[in-house]
Amino acid sequence: MRLTVQGTRQITVKAKNAMIKIMTIFGTRPEAVKMAPLIRVLRACGDVEALCCVTGQHRHMLDVPLRQFGITPDRDLDIMAENQTLPHITSRALCGLDGVLASERPDMALVHGDTSTTFAAALAAFYNKIPVGHVEAGLRTGDRYSPFPEEMNRSMTARLAALHFCPTASNRGNLLSEGISEGIFVTGNTVIDALGLTVVRDYEFETRGLAPLPERFILATLHRRENYGQAMDDILHAFADILDACPDVSLILPVHLSPVVRAAVYGVLGGHPRARLVEPLPVTDMHNLMARCELVMTDSGGLQEEAPALGKPVLVLRRETERPEAVAAGTVKLSGVSRERVRGDALALLTDRAEYERMARAANPYGDGRASERIRDAILWHFGLRGQKPDDFISG
């Protein structure tokens, strides 16, 4: 191995016929879903020895997508504890990953998004002088406390990363505005790649009791810490209002495992005859529900990217979003957290077909299903194993 300089770019060039060792690191269900297609692409590449390490930050919710995507981690830290706190997650992940990285010495550590595992992994790699590649880089709200702690996790990871894989050109612009100009690639989002592996026409649901589906239903999720309290109560009462106003519409809501969320959800909707409250779903069930629903209402980040790829309008139940491209494209509407506005935005889509079609047919800005390939090619180029820099993804 040797170092060489190409322009302003210092790269590590592997010896001829040498493989590069790339370790993907993640700890939550959304990370597993979005990293799964990338792991598949890396494992199929003859130039890469692909390793996988999970922290188990969300143990039960992580294990299901690992099974469904056929991923067997090479290392599993299993850090989750009852009533875990952010300092607990971060410190245990940091110490555990330091040992893994010191032992395995990968050529690059790949992290995803904005979790505590993401930041801890990037910091552990930095301490071991191992380059970091950040998948889904450059998303920002501009408010360090919202979403919390995700906004700062992303920002701090960006400072530690050598390569930044941005879903959109807007994400690249955020990095440039922060003085980060090297190692940026616009790839699209790997979650669009994942949909190509999970959504099928004649799907049989794994979760007992989901089928038969209501003819017309809203798919909703709710879990953000910043929505705890009055905001969550208002959103849940808006759900009840929508159901009362539309007798032909049902609600399917996978209830997050957080005790705060569960108490709020069951307290408001537990007795409603058309509110189907279910346990957190396997990713294949969730994606196929999304493909069959009328619309999506969520405070999640990933669903803002996934649902538009399936032609489903999305109402975001937050005061801000780090995905403004979807709002600009018209696939997503920022509905906020007030009972009146959430109810009004949903009823407009459920009763006005022209408004519904306008959102459903808007072009999704997040990818064409080839983000994982672009990330692989960028890594190979970085290590001198490809002669040409990969082209950026251009949203249609």
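Numbers given for residues are sequential positions, taken from 1 along each chain in its written order. Under the rules for a predicted model, residues below a pLDDT of 70 receive no local features and side-chain atom pairs below 80 are neither given nor counted, while totals for whole chains, interfaces and linings still include all residues. As a rule here, side-chain values cover all heavy atoms of the structure and leave hydrogens and water aside.

Looking at this model, I keep getting lost on the sheet that holds strand E8 (residues 163-166). Mind explaining?
Either a parallel or an antiparallel arrangement is found when strands of a sheet pair, and the pairing is made through backbone hydrogen bonds. Criterion used throughout: strands pair if DSSP finds at least two bridges between them. Starting at the N terminus, helices and strands are each numbered in turn, a helix being any DSSP run of H or I of at least four residues and a strand any DSSP run of E of at least two. Pairing within the open sheet is parallel, and its 7 strands lie in the order E5-E4-E3-E6-E7-E8-E9. A strand with exactly one partner marks an edge of an open sheet, and here the two such strands are strand E5 (75-76) and strand E9 (184-186). Pairing geometry for strand E4 (residues 48-54) and E5, over 2 bridges, is parallel. Paired with Cys 53 across the bridge in E5 is Arg 75. Of the strands in this sheet, strand E3 (20-26), strand E6 (108-112) and strand E7 (132-135) are in contact with helix H4 (residues 116-127), which crosses E6 at around 165°. The contact definition used throughout considers only heavy atoms, calling two residues in contact when any of these lie within 4.5 Å. Fitted lines through C-alpha atoms serve as axes, helices being fitted only where they are in contact, and the angles separating the N-to-C directions of these axes extend from 0 to 180 degrees. Sitting on the sheet, helix H15 (residues 371-382) is in contact with E3, E4, E6, E7, E8 and E9, with an inclination near 160° to E8.

Looking at this model, I keep getting lost on the state of the cysteines. Mind explaining?
Between two cysteines, a covalent bond joining their sulfur atoms is known as a disulfide. The rule for a disulfide is simple: a pair of cysteine sulfur atoms within 2.5 Å. If you walk through the whole model with that rule in mind, you get 0 disulfides. Free cysteine: Cys 53, not disulfide-bonded; nearest cysteine sulfur from Cys 52 at 7.2 Å. A residue is classified by how much of its surface remains accessible, and Cys 53, at 0% relative accessible area, is buried. Between Cys 293, a free cysteine, and Cys 246, which holds the nearest cysteine sulfur, the sulfur-to-sulfur gap is 15 Å. Note on classification: 1.4 Å probe, protein chains only; a residue is buried when its accessible area is under 20% of the maximum for its type, exposed when over 50%, partly exposed between these limits.

Mind showing me how you'd approach unusual backbone geometry here?
Leave glycine aside and you will find that most residues have negative phi; peptide bonds, for their part, are mostly trans. With an omega of -5°, the peptide bond running from Ser 146 to Pro 147 counts as cis. Relative to the helices and strands, Pro 147 is located in the loop between E7 and helix H5 (150-160). Residue Pro 149 is reached from Phe 148 by a cis peptide bond, and omega for that bond is 5°. When you line up the elements, Pro 149 lands in the loop between E7 and H5. Of note in this structure, Asp 78 is not a glycine but carries a positive phi near 50°. Mapped onto the fold, Asp 78 is located in the loop between E5 and helix H3 (86-104). On the basis of relative accessible area, Asp 78 is assigned to the partly exposed category, the value being 42%. Backbone geometry places Glu 136, a non-glycine residue, at a positive phi of 65°.

Please explain the nonpolar core as it appears in this structure.
For soluble globular proteins, the rule of thumb is that nonpolar side chains tend to be buried together. Judged by nonpolar contacts, the single largest core of 34 residues is most densely connected at Ile 218, Leu 236, Phe 239, Leu 251, Leu 253, Leu 269 and Met 297. Sorting the residues of this core by element identifies strand E10 (217-221), helix H8 (230-245), strand E11 (250-254), helix H9 (259-269), strand E12 (275-278), strand E13 (295-298), helix H13 (339-351) and helix H14 (353-360) as the ones contributing at least two each. A total of 9 residues in this core trace back to one element, the largest contributor, which is H8. Apart from residues lying up to four places away in sequence, Leu 253 is in contact with Ala 220, Leu 236, Phe 239, Val 265, Leu 269, Arg 276, Leu 277 and Val 278. Listed in part, the 32 residues of the second largest apolar core include Phe 165, Ala 194, Ala 378 and Phe 383. Residue types Ala, Val, Leu, Ile, Met, Phe, Trp, Tyr and Cys, when buried and joined through side-chain atoms within 4.5 Å, form a set referred to as a nonpolar core.

Where do I start with the side chain of Asp 285 in this structure?
Tracing the sequence through the fold places Asp 285 in helix H10 (residues 283-292). At 8.4 Å, Arg 67 is the nearest oppositely charged side chain to Asp 285, a buried residue that forms no salt bridge. Polar contact is defined as a pair of N or O atoms within 3.5 Å, subject to the rule that within protein one atom must be able to donate a hydrogen and the other to accept it, and that residues adjacent in sequence are counted only when both atoms are side-chain atoms. A polar contact of 2.6 Å, which involves the side chain of Asp 285, links it to the side chain of Thr 207. The residues touching Asp 285, leaving out its near neighbours within four places in the chain, are Tyr 203, Phe 205, Glu 206, Thr 207 and Leu 210. His residues and chain termini do not enter the charge count, which takes Lys and Arg as positive and Asp and Glu as negative. By convention in these notes, a salt bridge is any Lys or Arg side-chain nitrogen within 4 Å of a carboxyl oxygen on Asp or Glu.

Would you mind showing me how to read the packing of aromatic side chains here?
The geometry of an aromatic ring pair is captured by two quantities: the separation of the ring centres and the angle between the planes. Ring pairs shown here join Phe, Tyr and Trp side chains whose ring centres sit within 6.5 Å, with only the six-membered ring taken for Trp; geometry is labelled stacked below 30 degrees between planes, edge-to-face above 60, and tilted in between. On inspection of all chains with the given rule, the structure shows 5 aromatic pairs. Cluster of aromatic residues (ring-pair linked, three or more members): Phe 165, Phe 185 and Trp 381. By definition here, charges over rings are those cases where NZ of Lys or CZ of Arg is within 6 Å of the ring centre and within 35 degrees of the ring normal. Stacked on the ring of Phe 185, the Lys or Arg Lys 389 has its end atom at 5.3 Å from the ring centre.

How do you make sense of the packing of H8 against H13 when you look at a structure like this?
Any two packed helices are characterised by how steeply their axes cross, that is the angle between the axes, and by the distance between the axes. Put simply, H8 and H13 touch, their axes get as near as 8 Å, and they point 35° apart. The hand of the H8/H13 crossing is right-handed. Across the interface between the two elements, Asp 234, His 237, Ala 238, Asp 241, Ile 242 and Ala 245 of H8 pack against Arg 339, Val 342, Arg 343, Ala 346, Leu 347 and Leu 350 of H13. For this scheme, ten residues count as nonpolar: Ala, Val, Leu, Ile, Met, Phe, Trp, Tyr, Cys and Pro. Four count as charged, namely Asp, Glu, Lys and Arg, and the remainder, Gly too, count as polar. The class makeup of the residues in the contact of H8 with H13 is 7 nonpolar, 1 polar and 4 charged. In a left-handed crossing the near helix is turned counterclockwise from the far helix by less than a right angle, and in a right-handed crossing that turn is clockwise.

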